Amino acid sequence: MRKDVRILLVGESKVGKTSLIMSLVSEEFPDVVPYRVEEITIPADVTPERVPTHIVDYSEAEQTDEQLFQEISKANVICIVYAVNNKTSIEKVTDHWIPLITENTDKDSRVPLILVGNKSDMVEHSSMETILPIMNQYSEIETCVECSAKNLKNISELFYYAQKAVLHPTGPLYCPEKKDMKPLCVKALTRIFKVSDLDNDGVLNDNELNFFQRTCFNSPLEPHALEDVKNVVRKNLIEGVCNNGLTLKGFLFLHTLFIQRGRHETTWTVLRRFGYDDDLELNQDYLFPSLKVPPDCTTELNHNAYLFLQSVFDKHDKDRDCALSPEELKDLFDVFPYMPWGPDVNNTVCTNDQGWITYQGYLSQWTLTTYLDVQRCLEYLGYLGYSIMAEQESQVAGITVTRDKKIDLQKKQTQRNVFRCNVFGDMGSGKSGFLQAFLGRNLTRQKTIKEEHRSYYAISTTYVYGQEKYLLLHEVFPDFDYLTDADLACDIVCLVYDVSNPYSFEYCANVFKQYFMDSKTPCMMIAAKSDLPEIKQLYGCSPLEFCRRHKMPPPQSFTCNTAAEPSRDIYTKLTTMAMYPHARLRCMCTCNRCTFCLCQNFLNSELLQTVRAKLYAVVLRRHVSQEDLKSSTFWLKASVGASVFTVVGFALYRLLLKTR
């Protein structure tokens, strides 16, 4: 909505321009009328549309042509005043004023015109027969009003129509010649219908209509009013109502009816509620609400945003196979002005055997977009109508900005759910295979990927000690001399070398020494293509010795040349290291079989937590009954036994590690 409205009155001398303004302000006809009155501002609280209104007068006797041209360029709406008893002033409307205004206004930004026939008190006949052909000839003319400054007839209505022509213009919505809505208006209303169709059945049922009514007009429709609306549509358009609900054709017909009956403010209210501006384009403030992301902070979707995206997925997954076919995906993005996801997305997230994006892959792609380009995510959520459907102020309500990573390191804990792993490696080391294996694709499936559809990202979920986290893998281009800050900024570094190539490890060692040796970012070495015979690396020391010197975990063997899906254990290790960069853990397999995992599970068990609580209760309480003492003794023995078991377990673990 505009912040204010600027109305300019032009016309021949002595047609009553100044009298109209003075009659509006004083509510009486002035005895003395000057050549021109100064600009008048009407406060918002006394105007019907609640918008400040500036009324500007023009006098040929007091103003130059240059001043007139400036006022025309600043005006939001122009009232061309003529006297109904003066034929010459009517002829001047088309011979002089409309051409003059057209020459001095931008062709792309059309200024609405209103024809004002003053001095209707001086004639018994109407000038509308003469004016109607002019209105039909010029589409920029919104309406014509006959009034009388002397009798105060239609004075308030004149300025109300002027306001309305600016705030709710007919031009962008309706074509009088075709007696139908314009294509841009149809396109905008079609998107609004699809966003409001919550079950995607092509019909707005009573619940959806009530939600739509409440969203746009802050009040639901009464049942009888709802039936009246459907009856009007049903009477005029057979296809407008189906299964007692409003179809798209019925929805469009209803708005056409509003516009034809002069109630286009109703259509504009709907359009503006769904983010459209005066040119029927989605407003930039709607698509890109302000969101500040401090340095070293990341952006993630919150729980409410995931619930909304889940509802969108369910709405379009018509065959309920937990995957979106190309047709279903196209239908989902039909409310977008363009297709946001290209073929590379299918190689970025998990897909089913047919290559369709699964539910997990769908959420993963949204997570990736939010992490890498939050402004694009806000735009996409805007197209889907998130702020309207979720009843939030803007899309920002669906975004969580994580705290500074330095604070996570200080507190030795993180609240993040998305962790970035930058994958480095020389050409042909197996980086792409490593990314695709994360999505469950073995070497055979990877060979079917076209080069032009290749993705340098892969994202999916992993579980670390029962917590679901997203791991984002990014393949860094192996140009050693041109690594950007984005290439280096991550939660964990993955250095991949080919065990069958004797020169492959040197690249990883050089990258580590130059960029990560003195950083706090944890690093892991991946011995890729482990199914091939291992060849000694031509470097100063072996990869294992290199890792020991720099206090890194030993190189992790990996291959994607498997019959089934490649193992995901390595990705769990990477996520664990990213979550706990301060912990120098030598085992992160979460296999629940090794000593470390057994001890970790035991320490987190409910039994040990209960023992600890009982022990604290016994030690801290001063007055203990005999019965409580017996129970506490039992728990104390159990606690001591558990502690002994833990110590022995860690001792065995260290012994096994040394022998290994």
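Everything numeric in this text was worked out from a predicted model, so none of it was measured.

Undergrad: I'd like a description of the overall build of the protein chain, backed by residues and values.
TA: Check the secondary structure of the protein chain and you find 26 helices and 21 strands. The buried share of the protein chain, taken over its 660 residues, is 49%. Sequence separation of 24 or more characterises 70% of the internal contacts of the protein chain that already satisfy a separation of 6 or more. Carbon and sulfur atoms make up 52% of the accessible area of the protein chain, which totals about 34500 Å².

Undergrad: I'd like to hear about the side chain of Gln537, residue by residue, with values.
TA: If you trace the backbone, Gln537 turns up in the loop between β20 (523-528) and α22 (543-549). A polar contact of 3.0 Å, which involves the side chain of Gln537, links it to the backbone oxygen of Asn501. The contact partners of Gln537, leaving out residues within four places of it in the chain, are Tyr497, Asp498, Val499, Asn501, Pro502, Tyr503, Ser504, Phe505 and Pro543.

Undergrad: Let's hear about the environment of Asp321: which residues, and what values?
TA: Mapped onto the elements, Asp321 comes out in the loop between α12 (303-316) and β13 (323-324). Since its relative accessible area comes to 32%, Asp321 is described here as partly exposed. C-alpha of Asp321 to C-alpha of Thr358: the two residues are 37 residues apart in sequence and 8.6 Å apart in space.

Undergrad: An account of the packing of aromatic side chains is needed here, citing residue identities and associated values.
TA: A full pass over the atoms with the stated rule returns 29 aromatic pairs. Between Phe505 and Phe546, the ring centres sit 5.4 Å apart and the planes meet at 85°, which makes this aromatic pair edge-to-face. Here Phe546 lies in helix α22 and Phe505 lies in helix α21 (residues 504-516), a separation of 41 residues in the sequence. Summarising the burial analysis for this pair, Phe505 and Phe546 share the class buried. Residues Phe512 and Phe546 carry aromatic rings whose centres are separated by 5.7 Å and whose planes lie at 75° to one another, so their mutual orientation is edge-to-face. One end of the pair, Phe512, is in helix α21; the other, Phe546, is in helix α22, and 34 residues separate them in sequence.

Undergrad: Please give an account of the UniProt feature "domain: EF-hand" (unreviewed entry) in the protein chain that cites residues and values.
TA: Here, the residues flagged by UniProt with the feature "domain: EF-hand" (unreviewed entry) are residues 304-339. Structurally, residues 304-339 is divided into 56% helix and 6% strand, and its ends, taken at the C-alpha atoms, are 24 Å apart.

Conventions and cut-offs
Residues numbered from 1 in each chain as written. Predicted model: local features only at pLDDT ≥ 70, side-chain atom pairs only at ≥ 80, totals over all residues. Heavy atoms only, no water. Helix = DSSP H or I, 4+ residues; strand = E, 2+ residues; numbered from the N terminus. Buried < 20%, exposed > 50% of the residue type's maximum accessible area, 1.4 Å probe, protein only. Contact = heavy atoms within 4.5 Å. Areas by Shrake-Rupley, 256 points an atom, 1.4 Å probe, with all protein chains shown as cover. Polar contact = N/O pair within 3.5 Å; in protein donor to acceptor, adjacent residues only side chain to side chain. Phe/Tyr/Trp six-rings, centres within 6.5 Å; stacked < 30°, edge-to-face > 60°. UniProt positions renumbered as here; feature names shortened; annotations may be inferred.

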